[in-house]
Amino acid sequence: MRDLKNLNRKDFLHFHPIATRWMDNDVYGHINNVTYYSYFDTTVNRYLIDVAGFDIQNAPVVGYVVHSTCNYMASVAFPDSLEIGLRVNKLGNSSVTYGLGVFKKGEATLCAYGEFVHVFVDRMENKSVSIPDKIRSALEKLTV
């Protein structure tokens, strides 16, 4: 992983638009820190649904978030329009580490950077399993 100060839009391979909401702001007038995790989860799951055809309600496997972090570089606030950049930093047998960049729409400067790890598990047995081929193929497209 490169130094976060050097990351920008070109370091991400997929983008998902996010419309901030009035309720996303906190009393300090910027997006509350916990809301970023919702943006990350939405971006990853939209990608898995749209590109990998992942059926989140009926698939025999599910992705559990087992680790997450976020570093904040610049403030964003409602009514900013955001674009969340997505990349795969590490693709294992049953887990994937995503890198997510928060950008104001059309801007190259990183406002926040997060990572989270999905571990894929059998829905019924609740035990880790290999990432299904269709999902793995979609994730490989984002691997840096």
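Our subject is the structure that appears above.
Read on for an overview of the structure. Here the structure is a predicted model, which is why all the values come from computation and not from measurement. (Residues numbered from 1 in each chain as written. Predicted model: local features only at pLDDT ≥ 70, side-chain atom pairs only at ≥ 80, totals over all residues. Heavy atoms only, no water.)

1. Points about the environment of Lys141
Stage number 1. Topologically, Lys141 is positioned in the segment after helix H2 (133-140).
Stage number 2. When its relative accessible area of 58% is taken as the criterion, Lys141 is described as exposed.
Stage number 3. Sequence separation between Lys141 and Leu86 is 55 residues, and the spatial gap between their C-alpha atoms is 11 Å.
Stage number 4. The residues touching Lys141, leaving out its near neighbours within four places in the chain, are Leu13, Tyr47 and Val51. (Helix = DSSP H or I, 4+ residues; strand = E, 2+ residues; numbered from the N terminus. Buried < 20%, exposed > 50% of the residue type's maximum accessible area, 1.4 Å probe, protein only. Contact = heavy atoms within 4.5 Å.)

2. Considerations on the packing of aromatic side chains
Stage number 1. The final tally for this structure, using the stated rule, is eight aromatic pairs.
Stage number 2. Ring centres 6.0 Å apart and planes at 65° place the aromatic pair Phe15 and Phe103 in the edge-to-face group. Remark: Phe103 occurs in strand S4 (residues 95-104) and Phe15 occurs in strand S1 (residues 14-19); sequence separation between them is 88 residues.
Stage number 3. Judged by relative accessible area, Phe15 falls into the partly exposed class, the value being 27%.
Stage number 4. For Phe103, a relative accessible area of 0% translates into the label buried.
Stage number 5. Ring-pair connections join several aromatic residues into one group, and the members of that group are Phe12, Phe15, Phe103 and Tyr113.
Stage number 6. Over the ring of Phe103 we find Arg9, and its NZ or CZ is 5.1 Å from the ring centre.
Stage number 7. The ring of Phe12 has Arg87 sitting right over it, with the charged end atom 5.5 Å from the ring centre. (Phe/Tyr/Trp six-rings, centres within 6.5 Å; stacked < 30°, edge-to-face > 60°. Lys NZ or Arg CZ within 6 Å of the ring centre and 35° of its normal.)

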